[in-house]
Amino acid sequence: MSEKQPAPVRLRPTVGDVIGTTAFFRNRVLNETLLNELLIAGGKEYSILFHACSIGAEVYSFLIQYLVGGFDKHFIVSCFATDKQPDFVRFAEQAHFPLEVLQGCSENERAYFVVDGGTVSLTDKVKQSVEFYAACDFTDFEPERSFDVVVLLNALVYVSADIQAKVFDRLSSYNNCWLVTSGFHQKSIKDDLQRNGYMPIETAMEEIHMSWTDRLSSSPVPPEALPPNIFTDWSLPVFSEVKDYKYRFCALFRKQE
């Protein structure tokens, strides 16, 4: 993306000890790269599942970029989303957010928000393209259908490496093609993905990696410093071609036929 975009405004909803950190347009480059992949593939309609959707900012961001970029003239997207926390799902369905989220939006993106006093909501054109499922943990999800794209971002750090492996084994059974994931156990991610037929999409890999601005850190978090509910370091180093970087530092994968 050549034009400099506003920095995302972080949202940090909490219910008890559950934190659903999110933001609108948290990684524009990732969304744009995925949308271009769908365009190149030539399909007329795609189904997209968002796991761990928190309060909905990331699924709505994807849909706004889909509309701003004119991709709706080429294909239809049907989005589905869920989170293990019922309050987050209810909030996402209502689609009312603090007014300050507009500070992180471009002029074109703001056109898809409606200001109502001290809050903003999404236009019907955005909301009509997403269906929220009942609250469900991504480790237990058993859908009645498959999805062309599955999105699972910044959630696998909350489970052990063994459970991560089981998640990908299960997820691959209902994912037809593209997988969007980041925030995982880096030491085992290559094995987990290769075992299930996923290969990295290298388009804009470095730019996507460096766009996780709230996760980039020069110092890794040591295991003893992690909170008890987090099983691996969520931070990311500056992009470099270290061993297995195409899996460790990638966020967009495609399932091989």
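Residues numbered from 1 in each chain as written. Predicted model: local features only at pLDDT ≥ 70, side-chain atom pairs only at ≥ 80, totals over all residues. Heavy atoms only, no water.

Describing the overall build of the protein chain
Rules: Put simply, DSSP H or I for four residues or longer makes a helix, DSSP E for two residues or longer makes a strand, and each gets a number counted from the N terminus. As a reference, a globule follows 2.2 Å times the number of residues to the power 0.38, and the radius of gyration itself is taken over C-alpha atoms. Any two residues whose heavy atoms approach within 4.5 Å are treated as being in contact. The accessible surface values rely on the Shrake-Rupley method and a 1.4 Å probe; as for residues, cover is taken only from the protein chains in view. Counted charges follow a simple rule, with Lys and Arg positive, Asp and Glu negative, and His plus the chain ends left uncounted. For charged residues, the charge sits on one atom: NZ in Lys, CZ in Arg, CG in Asp, CD in Glu.
When helices and strands are tallied, the protein chain shows nine helices and 14 strands. Over its C-alpha atoms the protein chain spans a radius of gyration of 17 Å, differing by no more than 12% from the 18 Å that the globule rule assigns to 257 residues. Here the C-alpha coordinates of the protein chain stretch approximately 45 × 40 × 40 Å along the principal axes. Summarising the internal contacts of the protein chain: among those between residues at least 6 apart in sequence, 76% fall at separations of at least 24. Roughly 12300 Å² of accessible area belongs to the protein chain as shown, and the carbon and sulfur atoms make up 49% of that amount. The averaged location of the 34 negative side-chain charges in the protein chain is 2 Å from the averaged location of its 24 positive side-chain charges.

Observations regarding the sheet that holds strand β5 (residues 45–50)
Cut-off, in case you're wondering: Whether two strands pair depends on DSSP finding at least two bridges between them. For helices, the axis comes from a line fit to the C-alpha atoms of the stretch in contact; other axes are also lines fit to C-alpha atoms, and the angle between any two N-to-C directions lies between 0 and 180 degrees.
Pairing is mixed across the open sheet formed by seven strands, whose spatial order is β10-β6-β5-β11-β12-β14-β13. Because the sheet does not close on itself, it has two edges, and the strands there are β10 (130–132) and β13 (198–200). The mean inter-strand angle of the sheet, taken between neighbouring strand axes irrespective of direction, is 25°. Taken together, the six bridges between β5 and strand β6 (residues 76–81) define a ladder with parallel strand orientation. If you follow S47 over to β6, its bridge partner there is S78. Its contacts with the sheet put helix α2 (residues 57–68) on β5, β6, β10 and β11 (147–153), and the angle it makes with β6 is roughly 175°.

Let's talk about the packing of helix α1 (residues 28–41) against α2
Cut-off, in case you're wondering: Each angle gets one of four labels, with under 35 degrees taken as roughly parallel, over 145 as roughly antiparallel, 65 to 115 as roughly perpendicular, and the rest as oblique. Note on convention: the crossing is left-handed when the near helix lies turned anticlockwise from the far helix by less than a right angle, right-handed when the turn is clockwise. All amino acids are sorted into three groups, where Ala, Val, Leu, Ile, Met, Phe, Trp, Tyr, Cys and Pro are nonpolar, Asp, Glu, Lys and Arg are charged, and the leftover types, Gly among them, are polar.
Following both chains from N to C, one finds α1 and α2 inclined at 55°, their axes separated by 10 Å at the closest point. Classified by the angle their axes make, α1 and α2 are oblique. Relative to α2, the crossing made by α1 is right-handed. Across the interface between the two elements, R28, N31, E32, L34 and L35 from α1 touch S61, F62, Q65 and Y66 from α2. Considering only residue class, the contact of α1 with α2 consists of four nonpolar, three polar and two charged.

Details of the side chain of S182
Selection criterion: Per-residue accessibility, obtained with a 1.4 Å probe over protein chains only, is compared with the maximum for each type, and a residue is labelled buried under 20%, exposed over 50%, and partly exposed between these values.
By the secondary structure assignment, S182 is in strand β12 (residues 175–182). Taking relative accessible area as the criterion, S182 reaches 5% and is therefore assigned buried. When near neighbours in sequence (up to four residues on either side) are disregarded, S182 contacts L152, L153, N154, A155, W212, R215 and A251.

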